[in-house]
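Report on the structure
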Amino acid sequence: MNLLMPRPSTFDFQLGLIGFPLGHSLSPKIHAAALTASGSRGDYSLFPIHPDDQQGLADLLARVRRSEIHGLNVTIPHKQNVIPLLDKLTPTAQAIGAVNTIYLQDNKLIGHNTDAPGFLADLRQFLGNRKPSIVNRKSALVLGAGGSARAVVYSLLADGWTVTLAARRIEQAHALASAISNDQLSRSIPVGLTTLFSNLQLSQFDLLVNATPLGMTPNTEGSPLPESTTMPTTLMIYDLVYNPRETKLVRDARAFGCSATTGLGMLIEQAALAFEIWTSSPADRAAMRKAVE
Ligand code: NAP
């Protein structure tokens, strides 16, 4: 999707990431690799903006308006905070209610969400070599109801999955369901609720997606599933957590003989989609992945 005008090859792309904190972000390495591979010049900077610093956020977006910055990614805690400061949302960002990619088009600040198509592209790759019988029923269980769960649920519903949502806070799960409720897709969401993820009937599902931070560095021995959980071999596991490279959930799933993956592929894919919007150049996904493996 080339949304911007082609630029001369000497153009200096100023790109970056807004969030807080940002110390461990892999995005600068990923985007530096994409810039190099496409033969483009530029920088990808980190812009740590405190959750309470609305003025800092507004000042940074003003730099995009002035074309001093050509593209921004947005992460926690600003994926929703930026929305009132933008002129327009793409239909995907509108439906999800969160923005992870910002750019200027026709003098308008546009908010987009590449987490959703990034997740779906990587999920399809993950499922690509599975037997069709395994994915025929397409019944998914999503753990967590935060920002990334919204993108995941939206994508799964759009791809024809039946989705069950499990979250520790009932109000958050309902908020997610109703955020997508203006869409005809919402009728497919039965919101299953549990506080401990311990009473889940995993054999009912073909796919389990972890959209909680459980298992993420530094708490690498954490998992959203209790220690005693038995995973049926037919269950596929997609863990959005990508740091460490093999999470405990993925390790346990593989020990039960399940197919399992972390979210590194989604991270690369969402970055690649944003890069292509900002630069109008194809993103070299292999180079981007190599930069962080
Ligand atoms: P978020 O908006 O903070 O949502 C996290 C969700 O997990 C919330 O529902 C939260 O519930 C729940 N949760 C947190 N701790 C829990 C616990 N101990 N027990 C049960 N539920 C718990 O975060 P997010 O943006 O969705 O990110 C979630 C994870 O996905 C992070 O690890 C992030 O790095 C990863 N992620 C990966 C990609 C990728 O490209 N691979 C993209 C986005 C996110 P409460 O609100 O009650 O705390």
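Preceding this paragraph is the structure being described.
Residues numbered from 1 in each chain as written. Predicted model: local features only at pLDDT ≥ 70, side-chain atom pairs only at ≥ 80, totals over all residues. Heavy atoms only, no water.

**As for the overall build of the chain**
Within the chain, the regular secondary structure consists of ten helices and eleven strands. Residue burial in the chain is summarised as follows: out of 293 residues, 51% are buried. Long-range contacts, defined here as pairs at least 24 residues apart, represent 67% of the contacts in the chain between residues at least 6 apart. As displayed, the chain has an accessible area near 13,500 Å², and 51% of this comes from carbon and sulfur atoms. (Helix = DSSP H or I, 4+ residues; strand = E, 2+ residues; numbered from the N terminus. Buried < 20%, exposed > 50% of the residue type's maximum accessible area, 1.4 Å probe, protein only. Contact = heavy atoms within 4.5 Å. Areas by Shrake-Rupley, 256 points an atom, 1.4 Å probe, with all protein chains shown as cover.)

**Remarks on the sheet that holds strand 2 (residues 41-48)**
Sheet architecture is open: six strands sit in the order 2-1-3-5-6-4, paired in mixed fashion. Only two strands of the sheet have a single partner each, and these edge strands are strand 2 and strand 4 (88-89). Helix 1 (residues 27-37) contacts strand 1 (12-19), strand 2 and strand 3 (71-74) of the sheet and is inclined by roughly 165 degrees relative to strand 2. (Pairing = 2+ DSSP bridges. Axes fitted to C-alpha atoms, helices over the stretch in contact; angles between N-to-C directions.)

**A few points about the nonpolar core**
Of all hydrophobic cores here, the largest spans 33 residues; its most connected members are F119, L123, V142, L156, L207, V209 and Y238. Breaking this core down by element, the ones donating at least two residues are helix 3 (91-96), helix 4 (115-128), strand 7 (139-143), helix 6 (147-158), strand 8 (162-166), helix 7 (170-179), strand 9 (207-210) and strand 10 (236-239). Of the residues forming this core, the biggest block, seven residues, is contributed by helix 6. Formed by 23 residues, the second largest nonpolar core is a distinct cluster that contains I30, Y103, A271 and M288. (Core = buried A, V, L, I, M, F, W, Y, C linked by side-chain atoms within 4.5 Å.)

All we've got here are geometric facts, nothing functional implied.
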